Amino acid sequence: FDRTNIFIESKNMTNAPTNVREAKEQIEDFLLKYIQHDGCQGRLFYDIARCDEVFHPRSNVRHFAGSIAIMQRNPFSGRREFGWMSVVELPFEVDLNSRRLYHGHSLIDLQSRLRSEFSCFIKLCGNEFKRYPIKYGYPYAWIWGKQSQDVDRAIEVILAALKQHRRECRRCQFEGR
């Protein structure tokens, strides 16, 4: 995908952090409207946060394929709440028509465990998963929690489940970021 850089600068240095944060959130809100709250919004907000270490603290734990917990606003919630999020890439197989069929259904069984053990939520975003279809980008798992260490532990559980699925499936391929 092509990348675009956006630079925000405040003319009032006294209120610079507040002004820049408000401008960033206005841009995020515009992008949400532009994509019509498509299921890709989790990855969009995650990618925005990955590019900004000032307003988006990150966990010190780096996971396989680059997943990392980052503080960001929850794009799936209208309450504008901040918490910790991450994105995990999903394995896929290529069918006879060279289309990618993403495998993530095995993660559905983890939802209650992630919620009870780590207070984390997972959303499977992609056309294969119906609830959060996407028009932009590739399917992914989106993880959300209140504490960075909880999201880090949830990522480890998800990655272990995906690794097990790939061992059993044998048709799966995986492209990390």
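Residues numbered from 1 in each chain as written. Predicted model: local features only at pLDDT ≥ 70, side-chain atom pairs only at ≥ 80, totals over all residues. Heavy atoms only, no water.

Student: Please clarify how the overall build of the chain should be interpreted in this entry.
Tutor: The helix and strand inventory of the chain stands at 4 helices and 6 strands. Secondary structure elements of the chain, listed N to C terminal, follow the sequence α-α-β-β-β-β-α-β-β-α. Whereas a compact globule of 177 residues would reach a radius of gyration of roughly 16 Å, the chain reaches 17 Å, a difference of no more than 12%. Once the C-alpha set of the chain is aligned to its principal axes, its extents read approximately 60 × 35 × 25 Å. Counting every position in the chain, which comprises 177 residues, the buried fraction comes to 45%. In the form shown here, the chain has an accessible surface area of approximately 10600 Å², with 50% of it arising from carbon and sulfur atoms. Of the side-chain charges in the chain, 28 are positive and 22 negative, and the distance between the mean point of each set is 2 Å. (Helix = DSSP H or I, 4+ residues; strand = E, 2+ residues; numbered from the N terminus. Rg over C-alpha atoms; globule rule 2.2 N^0.38 Å. Buried < 20%, exposed > 50% of the residue type's maximum accessible area, 1.4 Å probe, protein only. Areas by Shrake-Rupley, 256 points an atom, 1.4 Å probe, with all protein chains shown as cover. Lys, Arg positive; Asp, Glu negative; His and termini not counted. Charge placed at Lys NZ, Arg CZ, Asp CG, Glu CD.)

Student: Looking at this structure, I do not really get the nonpolar core. What am I missing?
Tutor: Val-88, Leu-107, Leu-114 and Ile-158 are the most contacted members of the largest nonpolar core, which has 23 residues in total. Listed by contribution, the elements that provide at least two residues to this core are strand 2 (82-89), helix 3 (111-118), strand 5 (121-125), strand 6 (140-145) and helix 4 (148-169). With residues near it in sequence (within four places) discarded, Leu-114 still touches Ser-119, Cys-120, Ile-122, Ala-154, Val-157 and Ile-158. (Core = buried A, V, L, I, M, F, W, Y, C linked by side-chain atoms within 4.5 Å. Contact = heavy atoms within 4.5 Å.)

Student: Help me out: how do you make sense of the packing of aromatic side chains in this one?
Tutor: Two aromatic rings, taken as a pair, are described by how far apart their centres are and by the angle between their planes. In total, this model carries 6 aromatic pairs according to the counting rule given. Ring centres 6.5 Å apart and planes at 40° place the aromatic pair Tyr-102 and Tyr-138 in the tilted group. Of this pair, Tyr-102 sits in strand 4 (residues 100-102) while Tyr-138 sits in the loop between strand 5 and strand 6, and the two are 36 residues apart along the sequence. A residue is classified by how much of its surface remains accessible, and Tyr-102, at 8% relative accessible area, is buried. Between Trp-142 and Trp-144 the ring centres are 5.7 Å apart and the planes differ by 10°, which places this aromatic pair in the stacked class. Each residue in the set Phe-76, Tyr-132, Trp-142 and Trp-144 is aromatic and connected to the rest through ring pairs, giving one cluster. Over the aromatic face of Phe-92 sits the side chain of Arg-100, whose NZ or CZ is 4.1 Å from the ring centroid. Lys-123 extends its terminal NZ or CZ atom over the ring of Phe-76, reaching a point 5.3 Å from the ring centre. (Phe/Tyr/Trp six-rings, centres within 6.5 Å; stacked < 30°, edge-to-face > 60°. Lys NZ or Arg CZ within 6 Å of the ring centre and 35° of its normal.)

Student: Hey, could you run me through helix 2 (residues 41-50) in this one?
Tutor: The periodicity of an α-helix, 3.6 residues per turn, causes residues three or four places apart in sequence to face the same way. Every buried residue of helix 2 is accounted for by Gln-41, Gly-42, Arg-43, Phe-45, Tyr-46 and Ala-49. Residues of helix 2 that are buried make contact with helix 1 (16-34), strand 1 (70-73), strand 2 and strand 6.

Student: Looking at this model, I keep getting lost on the pattern of salt bridges. Mind explaining?
Tutor: Between side chains of opposite charge, a pair can form when the charged atoms approach closely. Inspection of every chain in the model, using the stated rule, returns 12 salt bridges. Taking the shortest distance from any N to any O, the salt bridge between Glu-81 and Arg-79 comes out at 3.0 Å. On the basis of relative accessible area, Glu-81 is assigned to the buried category, the value being 17%. Of the charged contacts in the structure, one is a salt bridge between Arg-99 and Asp-95, with a shortest N-O distance of 2.7 Å. By relative accessible area, which is 15% here, Asp-95 ends up buried. Where salt bridges share partners, they join Lys-24, Glu-25, Glu-28, Asp-29, Arg-73 and Arg-80 into one cluster. (Salt bridge = Lys/Arg side-chain N within 4 Å of Asp/Glu carboxyl O.)

Student: I tried to follow the environment of Lys-11 on my own but got confused; where do I start?
Tutor: Position of Lys-11 among the secondary structure elements: in the segment before helix 1. Taking the C-alpha atoms as reference points, Lys-11 and Pro-75, separated by 64 residues in sequence, lie 28 Å from one another.

Student: Just checking my understanding: could you explain the sheet that holds strand 2 for this structure?
Tutor: Backbone-to-backbone hydrogen bonds pair the strands of a sheet. The strands run either parallel or antiparallel. Spatially, the 4 strands line up as an open sheet ordered 1-2-6-5, and their pairing is antiparallel. On the outer flanks of this sheet lie strand 1 and strand 5, each paired with one strand and no other. The average undirected angle you get between the axes of adjacent strands in this sheet is 40°. Bridge count for strand 5 against strand 6 is 5 bridges, and the pairing is antiparallel. Residue pairing in the sheet places Ile-122 in a bridge with Ile-143 of strand 6. (Pairing = 2+ DSSP bridges. Axes fitted to C-alpha atoms, helices over the stretch in contact; angles between N-to-C directions.)

Student: Mind showing me how you'd approach the pairing of strand 2 here?
Tutor: A regular strand places its side chains on the two faces of the sheet in alternate fashion. Counting buried positions over the 8 residues of strand 2 gives 7, a clear majority of the element. Bridging between strand 1 and strand 2 involves 4 bridges; their strand directions are antiparallel. Its bridge partner lying in strand 2, Met-71 is registered against Trp-84. Strand direction decides the pairing type here: strand 2 and strand 6, joined by 6 bridges, are antiparallel. By the bridge assignment, Met-85 is partnered in strand 6 with Trp-144.

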